[in-house]
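The lines below spell out each chain.
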Amino acid sequence: MNSGRTVFSQIMDHLPKHRLHALIEQYRGNYKVSRFSCLDQFYCMAFAQLTYRESLRDIEACLRAQPTKHYHLGIRHRLSRSTLADANEHRDWRIFAGLAQVLIGTAQTLHAKDDLGIGVEEAVYAFDSTTIDLCLALFPWARFRKRKAAIKLHTLLDLRGSIPSCILITEGKVHDVNALDLLVLEPGAYYLVDRGYLDFARLNTITRNCAFFVTRPKRNTKYRILKSHPVAQTARAAGVLTDHTIRLTGVDADETYPQPLRRIKYRDPETSKLYRFLTNSFDLDALTIAQLYKARWKVELFFKWIKQHLRIKAFFGTSANAVKTQVWIAVTAYLLVVILRKRLGLSIDLYRILQILSVHLFEKVDIRQLLTETEEQNLEPESRNDLTLFDL
């Protein structure tokens, strides 16, 4: 990277362009396109994400205010909002979904040795969904309720680096638990889910794939205790109350989940709230199981963070293709910043990086120098209302 190039183009250096061109070729993204290419489309949409643009008109006005900088951003043709709208409407969203998957692999490799602080070396994932409300009149394909439309982002978050390793975009009416059927399970990994995903037949699929889960039982879950395990004094002082091996006794229990389970009762020392956990892992101690489930809240914070800092609540198009294109490019922009931060060895949080980049994208300054100098400044403490997530 050098100071003779714009900050935006230096960010795009982390983009695997050869893989993007292969995806464009695979899905015929540039078929009968003479001027505004798929790469131009991606750059414009990524620019919109990084500078917090709110609409197509907003993107057009911002870029037209700096016409001499387009070439240095990588945009080779003049932008109009109708051209960008048409591109989002018709060019296959799978191009950008595929690009995001490539970046997910890169980000996971960079964060593979990160310490979770729990003492678990295996991969740990949190799975959950968030709903994005839409206008039914504009998005009739995403019908959710009688007078409401919505989409759901079902996200499998790798807790090492808080990387969304899998994102499934469905209509709002798709029940969360059905998304479990679409996951490719990793043997030996831990999957953390809330009790909205408590379906023992599906949890048994996780067990049969030699993976582990941690969840919470419902009040009507019927079981009998097979064995009571002693709780160490240190674990009891940390909040662990009981540790039992159980077997389900409800209707069809022998068919849905015939194996023994582990049930742990835990009281949070900070809030005094009582929790009960179910898991198929018998190797980890009870306190580690409780700490694992507590780490599941990272996926909730991830949803809050992307809704606050990425443009996925106001959409630039109304078709399913346009919505999915915008979501995947938003995820791609997030991943590029995650990769940039790790490769530059920065400790500054992602929120501050995005704020700095948003006002410097047109400038020709070395990005490492820009972010490093900012990191070294004696900045005021951040407001408690800001989500300063991912301080890794």
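The following paragraphs examine the structure supplied in this document. (Residues numbered from 1 in each chain as written. Predicted model: local features only at pLDDT ≥ 70, side-chain atom pairs only at ≥ 80, totals over all residues. Heavy atoms only, no water.)

**Some details on the packing of aromatic side chains**
Throughout the structure, instances matching the rule amount to 18 aromatic pairs. Both rings, one in Y125 and one in Y191, keep their centres 5.5 Å apart while their planes meet at 20°; by these two values the pair is stacked. Placement of Y125 in strand β1 (residues 124-134) and of Y191 in strand β5 (residues 190-192) is noted, with a sequence separation of 66 residues between them. Considered together, Y125 and Y191 belong to a single accessibility category, that of buried residues. Between the aromatic rings of W305 and Y334, the centroid separation amounts to 5.6 Å while the plane-to-plane angle is 65°, which identifies the pairing as edge-to-face. In this pair, W305 sits in helix α12 (residues 297-309) while Y334 sits in helix α13 (residues 320-343), placing the two residues 29 residues apart along the sequence. Each member of the pair W305 and Y334 is classed as buried. Members of the aromatic cluster, connected to one another through ring pairs, are F8, F42, Y43, F47, F96 and F362. The ring of Y31 is capped by R28, whose NZ or CZ atom sits 4.1 Å from the centre of that ring. The ring centre of W297 lies 5.3 Å from the NZ or CZ of R296, which sits over that ring. (Phe/Tyr/Trp six-rings, centres within 6.5 Å; stacked < 30°, edge-to-face > 60°. Helix = DSSP H or I, 4+ residues; strand = E, 2+ residues; numbered from the N terminus. Buried < 20%, exposed > 50% of the residue type's maximum accessible area, 1.4 Å probe, protein only. Lys NZ or Arg CZ within 6 Å of the ring centre and 35° of its normal.)

**As for α13**
The terminal C-alpha atoms of α13 lie 34 Å apart, and with 24 residues this matches the ideal 34 Å at 1.5 Å per residue to within 8%. For α13, a buried count of 20 out of 24 residues is recorded, marking the element as mostly surrounded by other parts of the structure. (Expected span 1.5 Å × (residues − 1).)

**Remarks on unusual backbone geometry**
For Y52, which is not glycine, the phi torsion reads 65° and is therefore positive. Tracing the backbone shows Y52 in the loop between α3 (38-50) and α4 (56-64). Even without glycine at this site, C210 takes up a positive phi of about 60°. With respect to the helices and strands, the residue C210 is situated in the loop between α8 (200-208) and β6 (212-215). For C210, a relative accessible area of 54% puts it in the exposed group.

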